[in-house]
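Descriptive structure summary
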Amino acid sequence: MIPLTKPTLGRAEAAAVAAVLESGWLTQGPRVAEFERSVAAYCGAAHAVACSNCTTALHLALQALDIGPGDEVIVPSLTFIATANAVVHCGARPVFADVDPRTYNLDPAAAEAAITPRTKAIMPVHQLGLPADIDAFRAIADRHGLTVIEDAACALGSRYRGRPIGGHSPLVCFSFHPRKVISTGEGGMVLTSDERLCQRMRLLRQHGMSVPDTARHGAQHLVIERYVCVGHNYRLSDVQAAIGIVQMQRLDTLVRWRRELGARYTASIAGMPHLSAPYVPDYAEPNFQSYAVQLAPEAPLSRNELLRRLLARGIATKPGIMTIHREPAYRATDWPPLPHSEFASDRSLLLPLYPDMTAAEQQAVIAALRAALTEGARGALGCAAGACGGAVR
């Protein structure tokens with residue numbers, strides 16, 4: 001079975017973890033601080049706040065802005081459910097807006113149309129690592145007195161107008177889940193250039209404690225901490241951060257390999273009927289965290305049938321991005337029509353892509369995709385000729 005994805009880890013990561021175990025400092029400490037500095041420097045941000053995952057990163061970002069009950073945050077429905085969940089965890093209301101059908105990213109015009117007097121922030125998602133149009137969202141936010149929070153869970157290593165994602169907006173949130181470009185197992189981070197927001201998030205991630213553990217244990221005199229607000233335990237461990245530090249050293253190489261794989265997929269898919277490769281705007285340099293293809297409505301087989309046929313050939317695939325508004329947890333609300341989001345979710349699928357993927361493995365995926373489409377076309381012709389047992393019409 002060719003997997004959908006897998007992290008690239010090696011002896012350097014293992015040695016980094018062993019060093020942390022030998023040090024005796026396992027929880028949030030000096031390695032977390034080093035990891036934060038590494039990511040912030042790469043992305044061009046002044047500050048970074050590491051935390052347990054991207055969901056908690058989004059939650060910290062929202063809480064740092066004092067977003068709560070009665071407030072609204074505009075988000076896409078075409079994204080992982082954590083984007084909306086983080087808003088709900090604050091007591092606020094996510095407001096879904098439709099996406100651009102080419103990029104699968106939140107449509108700036110649709111987002112602006114969804115603004116109400118209760119709106120406090122816009123949360124564009126860099127879907128599958130493809131940067132959203134940040135300048136457009138920043139302009140909308142400036143016109144309406146809002147804040148942009150980038151859900152950049154998939155986008156570390158991607159570039160927008162020549163600059164790395166992470167330094168464009170007041171708050172940018174990353175994920176280090178194993179499906180992402182670099183991984184710490186689980187983990188997340190918020191980047192900001194606002195010192196006040198940074199300090200607020202550092203308090204919130206560690207129970208509201210006034211003194212960090214590193215300062216308390218390293219002090220030459222008695223230090224007694226105070227708890228100045230109600231916070232959370234959203235810490236990342238030094239064990240995870242040690243892996244992240246090594247992964248950051250690999251980042252540019254990992255992204256380069258992903259882009260090469262993406263380019264080969266795009267060249268091969270150009271000759272296949274009924275399939276469309278990902279659209280990449282001029283302003284964007286994606287990291288190809290995932291590679292999504294879109295199946296045309298007139299294709300001779302359904303998206304799910306294509307998934308089944310690829311699986312039967314040993315190719316792990318996945319349906320397109322979920323739409324949150326159609327999930328049971330959110331279905332009770334009468335949401336506005338989101339036709340582009342639903343079409344993109346229903347007609348797309350993700351192909352295997354990971355840095356260690358061999359040319360033979362990728363060629364096997366391409367061959368299986370071509371064969372499944374060809375068989376689907378033959379089946380459709382057979383039915384049209386009456387081979388399916390029904391009357392010919």
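Residues numbered from 1 in each chain as written. Predicted model: local features only at pLDDT ≥ 70, side-chain atom pairs only at ≥ 80, totals over all residues. Heavy atoms only, no water.

Looking at the overall build of the protein chain
Quick reminder of the rule: Helix numbering and strand numbering both begin at the N terminus, where a helix is a DSSP run of H or I of at least 4 residues and a strand a DSSP run of E of at least 2. With C-alpha atoms as the basis for the radius of gyration, the globule rule is written as 2.2 Å multiplied by the number of residues raised to the power 0.38. Between buried and exposed lies partly exposed: a residue is buried under 20% and exposed over 50% of the maximum accessible area for its type, with that area taken using a 1.4 Å probe on protein chains only. In this description, contact between two residues means that some pair of their heavy atoms is separated by no more than 4.5 Å. Surface exposure here means Shrake-Rupley accessible area, sampled with a 1.4 Å probe, where a residue is shielded only by the protein chains that are shown. Charge assignment: positive for Lys and Arg, negative for Asp and Glu; neither His nor the chain ends contribute. Where a charge lies is defined by one atom per residue type: Lys uses NZ, Arg uses CZ, Asp uses CG and Glu uses CD.
Scanning the protein chain from N- to C-terminus turns up twelve helices and 14 strands. Scaling as 2.2 N^0.38, a compact globule of 393 residues should have a C-alpha radius of gyration of about 21 Å, and the protein chain matches this with 23 Å. Along the longest, intermediate and shortest principal axes, the C-alpha atoms of the protein chain span 90 × 55 × 35 Å. Burial status across the protein chain gives 53% buried among its 393 residues. Contacts in the protein chain between residues at least 24 apart in sequence constitute 73% of all its contacts with a sequence separation of at least 6. Counting only carbon and sulfur atoms, one obtains 54% of the accessible surface of the protein chain, whose full area is about 16,700 Å². Across the protein chain, the centroid of the 38 positively charged side chains sits 4 Å from that of the 35 negatively charged ones.

So, helix 7 (residues 195-205)
Heads up, the rule is: Relevant arc is that of directions from the helix axis to the C-beta atoms, nothing else.
Every buried residue belonging to helix 7 is among Leu197, Cys198, Met201, Leu204 and Arg205, and all of these are buried. Each buried residue of helix 7 sits inside an arc of 130° when the element is viewed along its axis, so together they form one side. At its buried positions, helix 7 is contacted by helix 2 (30-43), strand 1 (47-51), helix 3 (54-64), strand 8 (171-175) and strand 9 (188-192).

Comments concerning the sheet that holds strand 12 (residues 291-295)
Let me state the cut-off plainly: Pairing between two strands is assigned when DSSP locates at least 2 bridges connecting them. An axis is simply a line fitted to the C-alpha atoms; with a helix, the fit covers only the stretch in contact. Between two such axes, the angle follows the N-to-C directions and lies from 0 to 180 degrees.
Read from one edge to the other, the open sheet built from four strands follows the order 10-12-14-13, with strand pairing classed as antiparallel. Single-partner strands in this sheet number two, and they are strand 10 (275-276) and strand 13 (318-319). Lying over the sheet, helix 10 (residues 303-312) contacts strand 12, strand 13 and strand 14 (348-351), oriented at roughly 20° with respect to strand 14. Along the sheet, helix 11 (residues 339-347) contacts strand 12 and strand 14; its crossing angle with strand 14, the most-contacted strand, is approximately 45°.

Considerations on the confidence of the model for the protein chain
To be explicit about the condition: Confidence of the prediction at every residue is given by pLDDT, a number between 0 and 100.
Model confidence for the protein chain is summarised by a mean pLDDT of 94, while 94% of its residues fall at 70 or above. The low-confidence segment residues 389-393 (pLDDT under 50) makes three contacts with residues lying over four places distant or belonging to another chain.

Describing the environment of Thr147
Tracing the sequence through the fold places Thr147 in strand 5 (residues 147-151). For the pair Thr147 and Asn85, spaced 62 residues apart in the sequence, the C-alpha separation amounts to 18 Å. When neighbours within four sequence positions are excluded, Thr147 is seen to be in contact with Leu65, Lys120, Ala121, Ile122, Ala141 and Pro170.

Re unusual backbone geometry
A positive phi angle, near 65°, is found at His207, a position not held by glycine. Its place among the elements puts His207 in the loop between helix 7 and helix 8 (213-218). Note on His207: relative accessible area 35%, which makes it partly exposed. Positive phi is not limited to glycine here, since His274 has a value of about 75°. The exposure class of His274 is partly exposed, given its relative accessible area of 29%.

Remarks on helix 6 (residues 134-144)
Every α-helical turn comprises 3.6 residues, leaving residues that sit three or four positions apart pointing alike. Taken residue by residue, helix 6 has Ile134, Phe137, Ile140 and Ala141 as its buried positions. When helix 6 is viewed along its axis, its buried side chains cluster within an angular range of 125° and face the same direction. Opposite the packed face of helix 6, turned more than 90 degrees from it, sit the exposed residues Asp142 and Arg143. Taken together, the buried residues of helix 6 touch helix 5 (108-113), strand 4 (119-122), strand 5 and strand 6 (159-160). Gly145, located one to two residues past helix 6, shows a positive phi value of around 70°.

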